[in-house]
Amino acid sequence: MHRILATTRNLFVGTALVLGLAASGAVHSFDDGAEATIDYRQGLMRALGGNVAATAAIVVDGAEFRDNLAIHVRYIVDATRDIPALFPEGSDFGETDALPSIWEDTEKFARLSSENHDAAVALHEAVEGGDDAAIMAGFRNLGQSCRSCHEDFRRRD
Ligand code: HEC
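Everything numeric in this text was worked out from a predicted model, so none of it was measured.

## A short note on the coordination of the iron atom of the ligand
The iron atom of the ligand binds to the protein through Met45 (SD) and His150 (NE2), with metal-donor distances spanning 2.1 to 2.4 Å. Relative to the metal, the six donor atoms surrounding the iron atom of the ligand lie at angles of 86 to 179 degrees, and the coordination shape comes out octahedral. Taken as a pair, Met45 in helix α3 (residues 34-59) and His150 in helix α7 (residues 132-153) lie far apart in primary sequence, 105 residues in all. With a relative accessible area of 29%, His150 lands in the partly exposed category.

So this is what it looks like as structure tokens:
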């Protein structure tokens, strides 16, 4: 299946090359995997959202799944390690809510990403420590940190 898809894609690119379209940039959606990258990062972001929602249900609403807290927080720690890598140049078109500011202010984007990861690590430490107030504070800080990146770099509906 994957092989067939790749072959079709190569045919497209090959045809475009023959027609001399390659230099125009019109074909980059076929040959640089940007659509797959966008699908992947949106899936990862949704998974972040799911793990944050599950964490909120436990920490804020008291759902009796406290033993699962570490699972959710560990995912958030791992998935936030390098968010800028999910936004390579050329993945700024099509079905994406990524704003052009990501590629204009790469420094700020990287800083907000690393602050987000630090917040996740701090929450993970609080979960390991087991102190409710620290977990709550860590969770609020993490949520705020997700939002501050979205405010600057994600298109609102
Ligand atoms: C450094 C910036 C940044 C950080 C930090 C960040 N996000 Fe995102 N997020 C984005 C951008 C940009 C998009 C839009 C991606 C796209 O549409 O291609 C997005 C999209 C999303 C989406 C929508 C995905 C979809 O279905 O299209 C969700 C949900 C989400 N983020 C949740 C989170 C959560 C939860 C956190 C914190 C744990 C977080 N994000 C941290 C930048 C960030």
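Picking up after the structure, the text goes on.
## What to know about the site of the ligand
Near the ligand there are 21 residues, and of these Met45, Thr96, Cys146, Cys149 and His150 occur at the shortest range. Here an oxygen atom of the ligand sits 2.5 Å away from a polar atom, N or O, in the side chain of Thr96. Every element with two or more residues in the shell around the ligand is listed here: α3, α6 (106-129) and α7. If you tally residues by element for the shell around the ligand, the top one is α3, at seven residues. Taken together, the residues that form the shell around the ligand break down as 11 nonpolar, six polar and four charged.

## Overview of the nonpolar core
One finds Phe87, Ile102, Phe109, Leu123, Ile135 and Leu142 to be the most contacted residues of the largest nonpolar core, which totals 29 residues. Mapped by element, the contributors of at least two residues to this core are α3, α4 (69-79), α5 (101-104), α6 and α7. Dropping the residues within four chain positions of it, Ile102 is found in contact with Phe87, Phe109 and Phe153.

Basis of the calculations
Residues numbered from 1 in each chain as written. Predicted model: local features only at pLDDT ≥ 70, side-chain atom pairs only at ≥ 80, totals over all residues. Heavy atoms only, no water. Donors = N, O, S within 2.8 Å, 3.2 Å for Na, K, Ca; no water. Tetrahedral: all angles 85-135°; square planar, octahedral: opposite > 155°, others 65-115°. Helix = DSSP H or I, 4+ residues; strand = E, 2+ residues; numbered from the N terminus. Buried < 20%, exposed > 50% of the residue type's maximum accessible area, 1.4 Å probe, protein only. Near = heavy atom within 4 Å. Polar contact = N/O pair within 3.5 Å; in protein donor to acceptor, adjacent residues only side chain to side chain. Nonpolar A, V, L, I, M, F, W, Y, C, P; charged D, E, K, R; others polar. Core = buried A, V, L, I, M, F, W, Y, C linked by side-chain atoms within 4.5 Å. Contact = heavy atoms within 4.5 Å.

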